[in-house]
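If you want the building blocks of each chain, they are given just below.
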Amino acid sequence: MSIELLKASHVTKRFGALAAVNDVSYTLREHEVAGIIGSNGAGKTTFFNLLTGLYTPDSGSIHYRGTDITRDTPQQRVAHGVMRTFQLTSTFDNLTVIDNLVLAFFRAHRKSSLLQLFLNTCKQHRNNDKIAEVLETFDLRDLRDREVRNLSLGEKRRLEIAMTMLAEPKVLLLDEPLAGLAESEIQAVLAILRRQVGQQTILIVEHKLSHVKEFLQRLTVMHEGRIIAEGGYEECMNHPEVRRSYWQIDVDAEAAAQAAP
Ligand SMILES: Nc1ncnc2c1ncn2[C@@H]1O[C@H](COP(=O)(O)OP(=O)(O)O)[C@@H](O)[C@H]1O
Ligand SMILES: [Mg+2]
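(A) Main features of unusual backbone geometry. Despite not being glycine, Arg 65 shows a phi value in the positive range, around 45°. Note that Arg 65 resides in the loop between strand E4 (59-64) and strand E5 (67-68). Here Arg 65 falls in the partly exposed class, since its relative accessible area comes to 40%.

(B) Main features of the site of ligand 1. Taken together, Phe 15, Leu 18, Ala 20, Ser 39, Asn 40, Gly 41, Ala 42, Gly 43, Lys 44, Thr 45, Thr 46 and Tyr 55 make up the full set of residues adjacent to ligand 1. In this structure, an oxygen atom belonging to ligand 1 sits 2.8 Å away from a side-chain N or O atom of Thr 45. Within the complex, 60% of the 560 Å² of free accessible area of ligand 1 lies under protein. Elements supplying a minimum of two residues to the shell around ligand 1: strand E2 (18-29) and helix H1 (44-52).

(C) Up close: the sheet that holds strand E1 (residues 4-15). Spatial ordering of the open sheet is given by E2-E1-E4-E5, a layout of four strands whose pairing is antiparallel. If you trace the sheet from one side to the other, it starts and ends with E2 and E5, each paired once. Pairing geometry for E4 and E5, over two bridges, is antiparallel. Across the sheet, residue Tyr 64 finds its bridge partner in E5, namely Thr 67.

(D) Quick look at the domain arrangement of the chain. Domain annotation of the chain identifies domain 1 (1-81 + 170-261) and domain 2 (87-168). For domain 1 and domain 2, the distance between their C-alpha centroids amounts to 28 Å. Across the boundary between the two partners, domain 1 contributes 17 residues, which contact 14 residues of domain 2. Counting every contact that joins domain 1 to domain 2 gives one salt bridge. Across the domain 1-domain 2 interface, the total number found is six residue pairs in polar contact (both at pLDDT 80 or more). Of all elements in the fold, only strand E7 (171-175) and helix H8 (183-194) reach the threshold of two or more residues within the side of domain 1 that touches domain 2. With five residues, H8 is the largest single contributor of residues to the side of domain 1 that touches domain 2. For the side of domain 1 that touches domain 2, the residue count by class is ten nonpolar, three polar and four charged.

(E) Spotlight on the environment of Arg 107. One can find Arg 107 in helix H4 (residues 97-109). Under the relative-accessibility criterion, Arg 107 is labelled partly exposed at 42%. Put simply, Arg 107 and Ala 167 are 60 residues apart on the chain and 8.1 Å apart in space, counted from C-alpha to C-alpha. Among residues more than four places away in sequence, those in contact with Arg 107 are Phe 86 and Phe 92.

What counts, and where the lines are drawn
- Starting from 1, residues in each chain are numbered consecutively following that chain's sequence as written.
- The order in which chains are written sets their letters, starting at A; the order in which ligands are written sets their numbers, starting at 1.
- Per-residue local features of the predicted model are confined to residues with pLDDT of at least 70, and side-chain atom pairs are confined, for both listing and counting, to 80 or more; whole-chain, interface and lining totals are unaffected and use all residues.
- Think of the side-chain values as coming from all heavy atoms in the structure, minus any hydrogens and water.
- Going along the chain from the N terminus, every DSSP run of H or I of four or more residues is numbered as a helix, and every run of E of two or more is numbered as a strand.
- A simple rule labels every residue: compare its accessible area, found with a 1.4 Å probe on the protein chains alone, to the largest value its type can have, and call it buried under 20%, exposed over 50%, or partly exposed in between.
- Nearness here has a simple test: a residue counts as near a molecule or strand if at least one of its heavy atoms is within 4 Å of that partner.
- The definition of a polar contact used here is a pair of N or O atoms within 3.5 Å, where within protein one atom must be able to donate a hydrogen and the other to accept one, and adjacent residues in sequence count solely through side-chain atom pairs.
- Reported accessibility uses the Shrake-Rupley method at a 1.4 Å probe radius. Residues are deemed covered only where the shown protein chains occlude them.
- For two strands to count as paired, DSSP must find a minimum of two bridges between them.
- All domain edges in this entry derive from an automatic or database-based domain assignment.
- Contact between two residues is taken to exist if any of their heavy atoms lie within 4.5 Å; hydrogens are not considered.
- For salt bridges, the criterion is a side-chain nitrogen of Lys or Arg within 4 Å of an Asp or Glu carboxyl oxygen.
- In this classification, Asp, Glu, Lys and Arg are treated as charged, Ala, Val, Leu, Ile, Met, Phe, Trp, Tyr, Cys and Pro as nonpolar, and every other residue, Gly included, as polar.

Structure follows, in structure tokens:
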């Protein structure tokens, strides 16, 4: 068995009276590509924010390789290698794809201050090997000199993942990477994610299950703050609790109908 990278134990997060995440225990192992699914309001994003450090749980703990990171800030978790994707801000919008990658590379490797980069070093590093490799892997070569504000949402999403990968994360966390994308863009993002399978530990939180099911090795289904099923796709989808709450199938009526002569 590969090692446990990220482990949440009995984690609860409340907003007022609502337990958005309710006593959730979850383990992500090295090189695993896993997914958490569930209907809107299930608690997926809240759990994601607990893992990445945006929120601190009211109770329970989170460990990274056996180290307690429950109270670590997002920055401290990034230093361990637990990273969510960059969310491109307006500051980066006026720069080209290649310059965003250069900035992400230097931010990750702390080789230079951002100011210094803006002043003189961006041009020198546009041909950095690691960046060239990422341009290739994430299908960004043709977009290299395009300003980010002129990219489609799908192209931006690819750039966000590429920028994150330059920091060589140990665990890549993605919250709804396909949200808002057109079908062709979904395929492009999936293509680059598939290339990471087997090399990178990835946890995807996703509402659109149909798109990600074929490369997720393990699924976890959340409902009303709790994990209601875990395992392979078929196993989860056939789980009575999932059929009831996720698909809203009337399992009892179905069973009664089957039992009837
Ligand atoms: N910052 C917040 N303040 C209050 N309630 C929140 C907050 N974030 C999420 N919630 C509530 O917690 C529940 C879970 O939300 P969320 O984690 O976003 O679910 P999901 O990502 O599965 O759709 C929802 O009922 C939502 O309204
Ligand atoms: Mg969400």
